[in-house]
Structure formats: structure tokens, C-alpha cells
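Given next are the chains, with one letter for each unit.
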Amino acid sequence: LTLGSDLRRALARGEMRVVYQPIVDLDTGTAVGAEALLRWRHPERGDVPPDVFVPVAEESGAIVEIGAWVLETALAEVAPHVPTDRAAPFTLAVNLSPRQLEDPTLVTRLQGALRRHGWPAEQLCLELTETALTDDLDLALGVLVRLRATGARIAVDDFGTGYSSLTHLQALPIDSIKIDRSFVQGLGDHRGSERSTIARCVLGIAGAMDLEAVAEGVETQAQLEALRRLGCRRGQGYLFSVPVPADVLEATVLGGP
Ligand code: G
Ligand code: G
Ligand code: MN
Ligand code: NA
């Protein structure tokens, strides 16, 4: 019940942290990036899942400040540890709430953060859910054009779970789509043919629209192989790594090729 007011104090009290889930090249297994994921350890409740507290923070508007903190923290924790001579450029992905699109300082804050941390805009990907992008298409279009002008990439998160029309999606300046894990789950097993159909369709749409596709929630070797067969080249999930703290990401992933 008091989640909302606790949330407002959570940042100041150091209860928030960011973990990182590697995004890998499905052909080589090399990490090509990582998604920053917010975590909240409540002093009495313990870990509160983002599915629970992000909607509360969106309702109160606290997500604007929290989202800015996630971006700042992710850049501060990751940027200094990515070798400049790394063969595969490393892209940091950060989730944006639709409420952040309403923040008139979003674009200048983003540019400030990139400059302060010396991080190339081209190696930042902003993830927005399909619903966030199509709820207020005019607002989304205006902000996305300005975000994209900074050089940052845009990904549509949870693709296939919303109700957006392809016409709407085509109107937006986006670079990649993330295939929701519910569509990846059934891949590679015999009961999963319907879901595999959706995954195939989503990959077809990505190809036709010239977008990169990233499969979420890859848990098994069979799913990996099915995705490869379907031509998907990027993925994340427990098969590769759970979300990990920055020091673990640095030790296991950033030093690599
Ligand atoms: O991190 P999972 O581990 O539980 O994330 C659950 C949901 O919370 C996902 O849909 C994810 O997009 C969302 N989420 C995680 N971190 C952030 C964040 O920093 N900002 C926003 N807006 N959503 C986030
Ligand atoms: O932003 P988004 O909805 O994509 O966040 C990814 C969510 O999926 C996070 O909650 C993350 O912890 C979770 N997740 C990441 N990999 C896996 C996986 O392989 N299986 C499952 N079930 N969940 C995963
Ligand atoms: Mn995401
Ligand atoms: Na997602």
C-alpha cells in the first residue's frame, strides 16, 4: 500500500541497483551488448519485481527520475569498462517508460549523459514497448525523431504482445524489435508449433521492414537452434546469462571480442 511513497525514497536510500543481461550474436555466441534492468530491494519486503513497482512509479511519475538514474548508472558502470579496441561494438540497451517520453528534458538529459560518459550514441539502444509507442502515436513520433537524431537506436520491446498495426510501426523511426519471450518459449519443442508460427512471422516482419530482431527469454539449446534456423541473429536469456551486476558483466563479457 505504501509502495508509492517508499518508491520516492528508494533512490536516495540506495535501494535501487541495475543489473545487466548480455545480448549475444546467436551465430558466434559473442556478446554484442547488454540490457540494463532495474532492481529494487525494499528494506522490509525484500526484492520487489519491476513488473510490480514500475507501474506504480509510472502512475506517480517517479519513473521519470528513476529512469534518468538508470541511464546515468548504466553508463557510469559500463562505459569505463568497455575496451575501445573491442572487435564487436558493444551496445547498451536501456528501457524507457512512456512517461519518460512526456518529459521535455529527456533528449537534452540523454545527450548530457552520453557526453559526460564519453559513450557513442550509436551504441545506446532505447527500448520502448509497442504499447508505449502506439498509445499516443503523435507524441511518440515527435520524441522518437529527436531521440534518433542524437544517434541513439530505438527498439520495440515485447513485440507482438500489443495491438499496434504495422502501419503505425512503419511510421516510427525504429531500428530493432525484441521478440517477446512468450513467443520464444514454444520454439524447438513439438507442442510449440503455434508459437513458432508467431516467432516466424515476427522475424518475417523484421526482415521485410529491414529491422534487427532480438529474441528474448532464450532458455534452451533447442530454442537457440530453432531461432538460428529462422534466421534470428541476436538473443538474450538464461541460456546465455541471467542479468548480472556490472562487475560480473565486466569480468565475463566486456573483456571478450
Ligand atoms: O527485469 P525483469 O527482470 O523482471 O523486468 C520486468 C519488466 O520490467 C520488463 O518488462 C522490463 O522492461 C521492465 N523494466 C526493467 N528495468 C526497467 C527500467 O529501468 N525502466 C523501465 N521503464 N522498465 C524496466
Ligand atoms: O524489458 P523486458 O521485458 O524485456 O525484460 C526482460 C525480462 O525477462 C526481465 O524480467 C528478465 O529478468 C527476464 N528474463 C531474462 N531472460 C529470461 C529467460 O531466459 N527466461 C525468463 N523466463 N525470463 C527471462
Ligand atoms: Mn526490455
Ligand atoms: Na521484453
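Computed from a prediction, not measured in an experiment: that's the story for all the values here. (Residues numbered from 1 in each chain as written. Chains lettered and ligands numbered in written order. Predicted model: local features only at pLDDT ≥ 70, side-chain atom pairs only at ≥ 80, totals over all residues. Heavy atoms only, no water.)

Some remarks on the coordination of the sodium ion (ligand 4)
Each pair of donors in an ideal octahedron of six around a metal sits at 90 or 180 degrees, and each pair in an ideal tetrahedron of four sits at 109.5 degrees. Counted only if it meets this: Each metal site lists N, O and S donors within 2.8 Å (3.2 Å for Na, K and Ca). With water left out of the atoms, a site can look as if it is missing ligands. Donor angles set the geometry label: tetrahedral for four donors if every angle is between 85 and 135 degrees, square planar for four and octahedral for six if opposite donors exceed 155 degrees and the others are between 65 and 115, irregular for anything else.
Only Asp157 (OD), Asp158 (OD), Glu216 (OE) and Glu216 (OE) from the protein coordinate the sodium ion (ligand 4), and they sit 2.1 to 2.6 Å from it. One can describe the site at the sodium ion (ligand 4) as irregular: its six donor atoms subtend angles covering 50 to 151° at the metal. Sequence spacing of the donor residues for the sodium ion (ligand 4), all on one chain, is D-D-x57-E. A separation of 4.2 Å is found between the sodium ion (ligand 4) and the manganese ion (ligand 3), both of which receive a donor from Asp157.

Quick look at the coordination of the manganese ion (ligand 3)
Let me state the cut-off plainly: Remark: exposure states derive from per-residue accessible area (1.4 Å probe, protein chains only) relative to the maximum for the residue type, with buried under 20%, exposed over 50%, and partly exposed in between.
Within the protein, the manganese ion (ligand 3) binds to Glu35 (OE), Asn95 (OD1), Glu127 (OE) and Asp157 (OD); these donor distances fall in the range 2.1 to 2.4 Å. On the primary sequence, the residues serving as donors to the manganese ion (ligand 3) are separated as E-x59-N-x31-E-x29-D. Asp157 sits in the buried class, given a relative accessible area of 7%.

Observations regarding the site of ligand 2
Note the threshold: Throughout, near means a residue has at least one heavy atom within 4 Å of the molecule or strand. Only the protein chains shown count as cover for residues, and all accessible areas are computed by the Shrake-Rupley method using a 1.4 Å probe. Whether a set of points on the 1 Å grid over the protein atoms alone is a cavity depends on a 1.4 Å probe fitting there but being unable to get out, while an open set qualifies as a pocket with protein on both sides within 12 Å along at least five of seven lines; lining residues are those with an atom within 4 Å of a point. Pocket occupancy is defined atom-wise: a molecule lies in a cavity or pocket when more than half of its atoms are within 2 Å of its grid points. Secondary structure is summarised from DSSP: a helix means a run of H or I of at least four residues, a strand means a run of E of at least two, and numbering begins at the N terminus for each. Ten residues, namely Ala, Val, Leu, Ile, Met, Phe, Trp, Tyr, Cys and Pro, are considered nonpolar, four, namely Asp, Glu, Lys and Arg, are considered charged, and the remaining ones, Gly among them, are considered polar.
In the vicinity of ligand 2 lie 15 residues, with Asp157, Arg181, Glu216, Glu219 and Tyr238 positioned nearest. For ligand 2, the protein covers 80% of the area, taking 520 Å² as the surface of the free molecule. Put simply, ligand 2 lies in the largest pocket. Contributions of two or more residues to the shell around ligand 2 are made by β2 (31–42) and β6 (153–159). The greatest single-element share of the shell around ligand 2, amounting to three residues, is contributed by β2. Along the lines of polarity and charge, the residues of the shell around ligand 2 split into four nonpolar, four polar and seven charged.

A closer look at the pattern of salt bridges
So the rule is basically this: Salt bridges are defined as contacts in which a side-chain nitrogen from Lys or Arg sits within 4 Å of a carboxyl oxygen from Asp or Glu.
Evaluation of the coordinates by the stated rule reveals 12 salt bridges. For Asp25, the salt bridge identified is with Arg234, shortest N-O distance 3.5 Å. Note that Asp25 is positioned in strand β1 (residues 16–25) and Arg234 in strand β9 (residues 234–235), a separation of 209 residues in sequence. Grouping residues by exposure puts Asp25 and Arg234 together as buried. For Glu127, the salt bridge identified is with Lys178, shortest N-O distance 2.6 Å. One end of the pair, Glu127, is in strand β5 (residues 124–129); the other, Lys178, is in strand β7 (residues 176–179), and 51 residues separate them in sequence.

Some remarks on helix α7 (residues 137–149)
This is how it is decided: Here, expected helix span is obtained from the residue count minus one, scaled by 1.5 Å. Note: the arc covers the axis-to-C-beta directions of the helix. Here, two residues are considered to be in contact whenever any of their heavy atoms come within 4.5 Å of each other.
Between its first and last C-alpha atoms α7 spans 18 Å; for 13 residues at 1.5 Å apiece the expected length is 18 Å, and the two agree. Buried within α7 we find Ala140, Val143, Leu144 and Leu147. The buried residues of α7 occupy one face: seen down the axis, they fall within an arc of 105°. Set apart from the buried face of α7 by more than 90 degrees, the exposed residues are Asp138 and Ala149. Tucked into the core, α7 has its buried residues touching α4 (98–101), α5 (106–117), β5, α6 (130–135) and β6. Looking one or two residues beyond α7, the residue adopting positive phi is Gly151, at roughly 110°.

Scope: geometric values only; no functional claims are made or implied.
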